Amino acid sequence: MTALKAIYGGTFDPVHYGHLKPVEILANLIGLSKVVIMPNNVPPHRPQPEATSAQRKEMLELAIADKPLFELDERELKRDTPSYTSETLKAWRQEAGPDRPLAFIIGQDSLINFPTWHDYQSILGNAHLLVCRRPGYPMAMKEEQHQQWLDAHLTNRAEDLHDSPSGKIYLAETPWFDISATLIRERLQKGESCAEMLPAAVLAYIHQHGLYQAISEAG
Ligand code: ATP
């Protein structure tokens, strides 16, 4: 069986420690050697990002420059159609063949909304789901039928993730990081410090390019 490969999708507008730190800890917990970060181009459920695709990519490159765990994949950034996770994972599965274990990493907030994602049930046909904790979101699904779906796929054994190609949901006991890109954008607009929330090189890039700031002197 080839090594478990994990993919981490998101908007990363901008990338922050709430993205990076839980996933580094998760990687240690379950024995992951590579995480492919895959920024979205046109996220279907959300307003458009403030930074351009090129800027989000450059911030990610700066954030992972000294972190060999991560590698960047630009396939969704280069598309001009909506990037549905179900479609992307189908493509990953085709590339990887039927046996290789694949996983998709999300935060707790994404798990709660997961049943609203396009064709969400097919996702577990192609990958496992690895869920990082995030403060402020419930641990249970809103609807009973979705809780049953979750319970039917849950595992607390990391071995299961390596021993089967897809189909499991693993709730990782990662620490809470109370950081969001929205909070960072709001703080920067008000000229408040975000130094603890994201890598210094990313913050320097934000200031250099005048991103997320109402007035260029702010921050
Ligand atoms: P925004 O505030 O703009 O909605 P975000 O900070 O939630 O953005 P995204 O790029 O939308 O970041 O998130 C990408 C993935 O990272 C999602 O699966 C999300 O659940 C997860 N994530 C983001 N922040 C955290 C956090 N603080 N803890 C755990 N997971 C997180």
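Since this is a predicted model, take the numbers as computed values, not measurements.

Some thoughts on the pairing of strand β1 (residues 5-10)
Of the strand pairs in this sheet, β1 and strand β4 (residues 102-107) are connected by four bridges, and their pairing is parallel. Bridged to Ala 6 within β4 is Ala 103. Direction of pairing for β1 relative to strand β2 (residues 35-39): parallel, over a ladder of five bridges. Each residue of the ladder has a partner; that of Gly 9, found in β2, is Met 38. Read from β1 through helix α1 (residues 17-30) to β2, the crossover connection turns out right-handed.

Overview of the packing of aromatic side chains
By convention here, two paired aromatic rings are described through the distance between centres and the angle between planes. Across all of its chains, the model carries six aromatic pairs by this definition. Between Phe 104 and Trp 117 the ring centres are 6.4 Å apart and the planes differ by 80°, which places this aromatic pair in the edge-to-face class. Residue Phe 104 is located in strand β4, and its partner Trp 117 is located in the loop between α4 (108-113) and α5 (120-126); the two are separated by 13 residues in the primary sequence. The pair Phe 104 / Trp 117 is uniform in exposure class, with both members buried. The rings of Phe 104, Phe 114, Trp 117, Tyr 120 and Trp 149 are connected pair by pair, giving a single aromatic cluster. Directly above the aromatic system of Tyr 17 lies the positively charged group of Lys 21, at a separation of 4.2 Å from the ring centroid. For Arg 75, the ring lying beneath its charged end belongs to Trp 92, and the centroid distance is 4.3 Å.

Calculation notes
- Residues numbered from 1 in each chain as written.
- Predicted model: local features only at pLDDT ≥ 70, side-chain atom pairs only at ≥ 80, totals over all residues.
- Heavy atoms only, no water.
- Pairing = 2+ DSSP bridges.
- Helix = DSSP H or I, 4+ residues; strand = E, 2+ residues; numbered from the N terminus.
- Right-handed = clockwise from strand over helix to strand, strands pointing away.
- Phe/Tyr/Trp six-rings, centres within 6.5 Å; stacked < 30°, edge-to-face > 60°.
- Buried < 20%, exposed > 50% of the residue type's maximum accessible area, 1.4 Å probe, protein only.
- Lys NZ or Arg CZ within 6 Å of the ring centre and 35° of its normal.

The values reported here are purely geometric and, on their own, carry no functional implication.
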